[in-house]
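Descriptive analysis of the structure
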Amino acid sequence: MANLVYYVAATLDGYIADQQHQLDWLMNFPLGDDATPYDEFYQTVGAVIMGAETYSWILENSPEAWPYADVPAFIVTHRSLSVPEGQNITRVQGEAVDIAAQAREAAKGKDVWLVGGGKTAAWFAEAGELQRLFVTQIPVVIGAGIPLLPVSQALSFSTVNQRVLKSGAIEFIADVKIVSEAI
Ligand SMILES: NC(=O)c1ccc[n+]([C@@H]2O[C@H](COP(=O)([O-])OP(=O)(O)OC[C@H]3O[C@@H](n4cnc5c(N)ncnc54)[C@H](OP(=O)(O)O)[C@@H]3O)[C@@H](O)[C@H]2O)c1
C-alpha cells in the first residue's frame, strides 16, 4: 500500500518556517550535491496533501506556476480557498482516514507526499495515517516559528536511513512506529 510521507526541511530546533512564514534559513543554506535530489524523491510521488496555510503560502510565493501540476493535490481546509484554473486540486475535510484513502487511490500505487505543514502532518500522524518522515535538518537555530510536528501524543520512529551531508545538514528517514499515550 502507498505510504503517506512527510518530506520536509526543518531547523535544528524543530521549525519548518519562522514566525513570519519565511524560509530564508533554508533558501540561503547551501545544501550541497550529496543531498538526495528533489527530483529523485518527486518521482516516487503520485499525489500530494497539504494544509490550508501551506497551500496559501505556495500560491502567494509561486503565483505563476502551481508546482505540483502533474499530480492530484488535496488541500485540507475549512475555507473556500480559490484554485488556479485547470489544476487538479481538491479541497477536502472530514476524517483523516478517508482523506488518506482518497489520496492513496489517486496516487495509483505511488506514495503520497504530505507536503505539510506541521499542523496537518500532526493531524494525520495522530490518526495513524502517516507512515514515513523524511526530514532534512538544516544546522541553524531560529528560536521560534512553525513547529515540525506538533503532536499531542508521542510518536516513535524506526530509522530507515540517517546521513550527515557535507554541508552539515542531516537527512533523517524513518518509519512511524507507534503513537503512544497523550504527552
Ligand atoms: N520547511 C518546509 O519544508 C515546509 C514544508 C511545508 C510547509 N512549510 C511552512 O509551514 C507553514 C504552514 O504550516 P502550519 O502547520 O502552520 O499549517 P498547515 O498545516 O499548512 O495548515 C493548517 C491549516 O490547515 C487546515 N486544516 C488542517 N487540518 C485540518 C483538518 N483536519 N480539517 C480541516 N482543515 C484542516 C486548517 O485551516 P482552516 O481551518 O483555516 O482551513 C489549519 O489551520 C507555512 O509557513 C509553510 O511555508 C514549510
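The coordinates are above.
A short tour of the structure in this document, coming up.

Cut-offs used in this document
Sequence order as written defines the numbering, with residues in each chain counted from 1. Local features are withheld for residues below a pLDDT of 70 in this predicted model, meaning they are given only at 70 or higher, and side-chain atom pairs are given and counted only at 80 or more; totals for whole chains, interfaces and linings count all residues. Secondary structure is summarised from DSSP: a helix means a run of H or I of at least four residues, a strand means a run of E of at least two, and numbering begins at the N terminus for each. All radius of gyration figures rest on C-alpha atoms, and the globule criterion is 2.2 Å times the number of residues raised to 0.38. A residue pair is marked as a contact if its C-beta atoms, positioned from the backbone, fall within 7 Å. Being near a molecule or strand means, for a residue, that its C-beta atom, positioned from the backbone, comes within 6 Å of it. All amino acids are sorted into three groups, where Ala, Val, Leu, Ile, Met, Phe, Trp, Tyr, Cys and Pro are nonpolar, Asp, Glu, Lys and Arg are charged, and the leftover types, Gly among them, are polar.

Moving on to the overall build of the chain. Scanning the chain for helices and strands turns up 5 helices and 10 strands. On C-alpha atoms alone, the chain measures out to a radius of gyration of 16 Å, which is about the 16 Å that the 2.2 N^0.38 rule sets for 183 residues. Reported as C-alpha extents along the three principal axes, the dimensions of the chain are approximately 40 × 40 × 30 Å. Taking the intrachain contacts of the chain between residues at least 6 apart in sequence as the baseline, contacts between residues at least 24 apart amount to 76%.

In the neighbourhood of the ligand, 26 residues make up the surrounding shell, with Gly51, Glu53, Thr54, Gly116 and Gly117 lying closest. Grouping the constituent residues of the shell around the ligand by class yields 13 nonpolar, 10 polar and 3 charged.

Here lysine 110 shows up in the loop between α4 (96–107) and β6 (111–116). Taking the C-alpha atoms as reference points, lysine 110 and alanine 47, separated by 63 residues in sequence, lie 7.8 Å from one another. Not counting residues within four places of it along the chain, the set of residues in contact with lysine 110 comprises Ala2, Thr44, Val45 and Gly46.

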